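# Architecture and fold: a report
What follows is each chain in one-letter form.
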Amino acid sequence: MTELVEHGQLFIGGQLADPLGDGVIEVVSPHTEQVIGRVPHASRADVDRAVAAARRAFDEGPWPRMSLDERIAVVTRIKDAIAVRHEEIARTVSAQNGSPYSWSVLAQALGAMMVWDAAITVARDHPYEVERAGVLGPILVRREPVGVVAAVVPWNVPQFTAAAKLGPALLAGCTAVLKPSPESPLDAYLLAGIAAEAGLPEGVLSILPAGREVSEYLVGHPGVDKVSFTGSVAAGRRVMEVASRNLARVTLELGGKSAAVVLPDADLEAAVAGIVPAAWMNNGQACVAQTRILAPRSRYDEFAEAFAAAAGALVVGDPLDPATQVGPLVARRQRERSLDYIRIGQEEGAKVLAGGGRPAGLERGWYVEPTLFGDVDNRMRIAREEIFGPVICLLPYEDEAEALTIANDSEYGLSGSVWTADVTRGVEFARRVRTGTFNVNTFSLDMLGPFGGYKNSGLGREFGPEGYDAYLEHKMIHLPAGHQGA
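Residues numbered from 1 in each chain as written. Predicted model: local features only at pLDDT ≥ 70, side-chain atom pairs only at ≥ 80, totals over all residues. Heavy atoms only, no water.

### So, the pairing of strand β16 (residues 371–374)
Each regular strand carries side chains that alternate between the two faces of the sheet. In β16, alternate side chains face the same way, and those of T371 and F373 on one face and L372 and G374 on the other are all buried. Inspection of the sheet shows strand β15 (residues 351–354) paired to β16 by 3 bridges, in the antiparallel sense. What sits directly across from V352, in β16, is F373. Relative to strand β17 (residues 391–397), β16 runs parallel, the two sharing 3 bridges. Paired with F373 across the strands is C393, a residue of β17. (Buried < 20%, exposed > 50% of the residue type's maximum accessible area, 1.4 Å probe, protein only. Helix = DSSP H or I, 4+ residues; strand = E, 2+ residues; numbered from the N terminus. Pairing = 2+ DSSP bridges.)

### Concerning the nonpolar core
One finds W116, L166, L178, L200 and L205 to be the most contacted residues of the largest nonpolar core, which totals 65 residues. Elements supplying a minimum of two residues to this core: α2 (68–84), α3 (86–97), α4 (101–125), β8 (148–152), α5 (158–172), β9 (175–179), α6 (186–198) and β10 (205–207). It is α4 that contributes the most residues to this core, 12 residues altogether. Not counting residues within four places of it along the chain, the set of residues in contact with L200 comprises W63, V74, I78, L170, A195 and L205. Core analysis: the next-biggest nonpolar cluster, separate from the first, contains 36 residues, V27, L218, A243 and Y412 among them. (Core = buried A, V, L, I, M, F, W, Y, C linked by side-chain atoms within 4.5 Å. Contact = heavy atoms within 4.5 Å.)

### As for the packing of α4 against α5
Direction vectors running N to C along α4 and α5 enclose 15 degrees, while the axes themselves pass 8 Å from each other. One way to sum up the angle between α4 and α5 is to call them roughly parallel. The handedness of the crossing between α4 and α5 is right-handed. In contact with A107, Q108, G111, A112, V115, W116, A119, I120 and A123 of α4, α5 contributes P158, Q159, F160, A163, A164, L166, G167, P168, L170 and L171. (Axes fitted to C-alpha atoms, helices over the stretch in contact; angles between N-to-C directions. Parallel < 35°, antiparallel > 145°, perpendicular 65-115°, else oblique. Left-handed = near helix turned anticlockwise from the far one by under 90°.)

### A look at the pattern of salt bridges
Within the structure shown, the criterion is met by 31 salt bridges. Residue R425 pairs with E400 through a salt bridge whose shortest N-O separation is 2.8 Å. Here R425, found in helix α14 (residues 423–431), pairs with E400, found in helix α13 (residues 400–408); they are 25 residues apart in sequence, far enough to count as distant. The partly exposed category is assigned to R425, whose relative accessible area is 28%. The structure contains a network of salt bridges with shared partners spanning D265, E400, R425, E428, R431 and R432. (Salt bridge = Lys/Arg side-chain N within 4 Å of Asp/Glu carboxyl O.)

### What to know about α14
When α14 is considered as a whole, its buried residues turn out to be G426, F429 and A430. Projected down its long axis, α14 carries its buried residues within an arc of 100 degrees, all on one side. Of the exposed residues in α14, the ones pointing more than 90 degrees away from its buried face are T424 and R431. Buried residues along α14 sit against β13 (259–262), α13, β19 (416–419) and β20 (439–440). (Arc of directions from axis to C-beta.)

The structure is reproduced here in structure tokens:
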């Protein structure tokens, strides 16, 4: 992406419309530090207009009243169009946020397509009406769409998180206002065009790029019934506080400081091959990244050498180069944040085993070397705070009990993994870790299972039947005694 991309209108209620404010968002390449795009910055008045359109479409329009098969047909067209245009989507996302193109193809584009597809699978099999015996007679339990959804997505995986929210919301019969991050609004216009061509009725979807102030106005809007937010813990707390004024339903997918636990019997080569891409994925800008690697003290030097070598071998460079494995961070502030934590880690007494600064030959762009700290104590800030950059900690432990204690000693509980020659042992370890998702000898995120966190990592779940239910209200209908077959 080299040409300047400019959009002068907002996508409101399914149509491009002139913005009511005069704010502009400039999209800056994290590789060149040059402006690569401009879009309108949505105003509060634009939010009012979008929510009103969504409200009318939900209360009076056809979308919630269509059959499930009719909604699936529209969403299938969205999913198929994303598959067809996956390279364009991947390039656009990489140009905005620095994701390596090879990773963007799989995660930013095709991964988003898989999320839409999984939502279709869940919706098709979901129980929308169930009759069961009550204490006083038969009851009918219905699931009905929750209403107008405010979906606020981050810059690190914008299409993936948009699909995680819009897929189930639309299939359930809800209407939605999507709020992309100001760092990554360009791919949202691709999604807007796809949605319009798919045949969504008027008012069902609006897309409003904006910053924090307008986001807060959206999640606190009295016309919104449900808020789904992905972002930082601090922002999530604020979203929950603001949304609670209207008692809007809230799903929060927040941060992580996940542990990859290497048990003493693990195969070194397999563990390194599995953990390294899970640690430095998306330039370290992933909530599920395995940012604390726990190695047994009996094999610590062996693992430290192997992980340091692997980190040092990662190819850093232009995110649009297919050979790149680690690209630039999304913004100058993120680069400075990572460099600050590298300084803090050294001051705390941790040892830099790989990286530790800016990559040679990349003076321009917001780059930080893939960095591995060794001799880390879990009480250090670099082990406790989410850095959201390519800075990883290697922590030694004495025995499995201490490994479990360290893994659980965190304010977060989003992801994690264990690496062992004994899968049964790994599953037993997984059962004892207080985290929402966990992996045994692998690292993945299955869209048919529930995804979310314990503790400060969030509230509620996305994906699977559990995530789909977040966009449905439960209604109980009492039936007369003896009635059959409602």
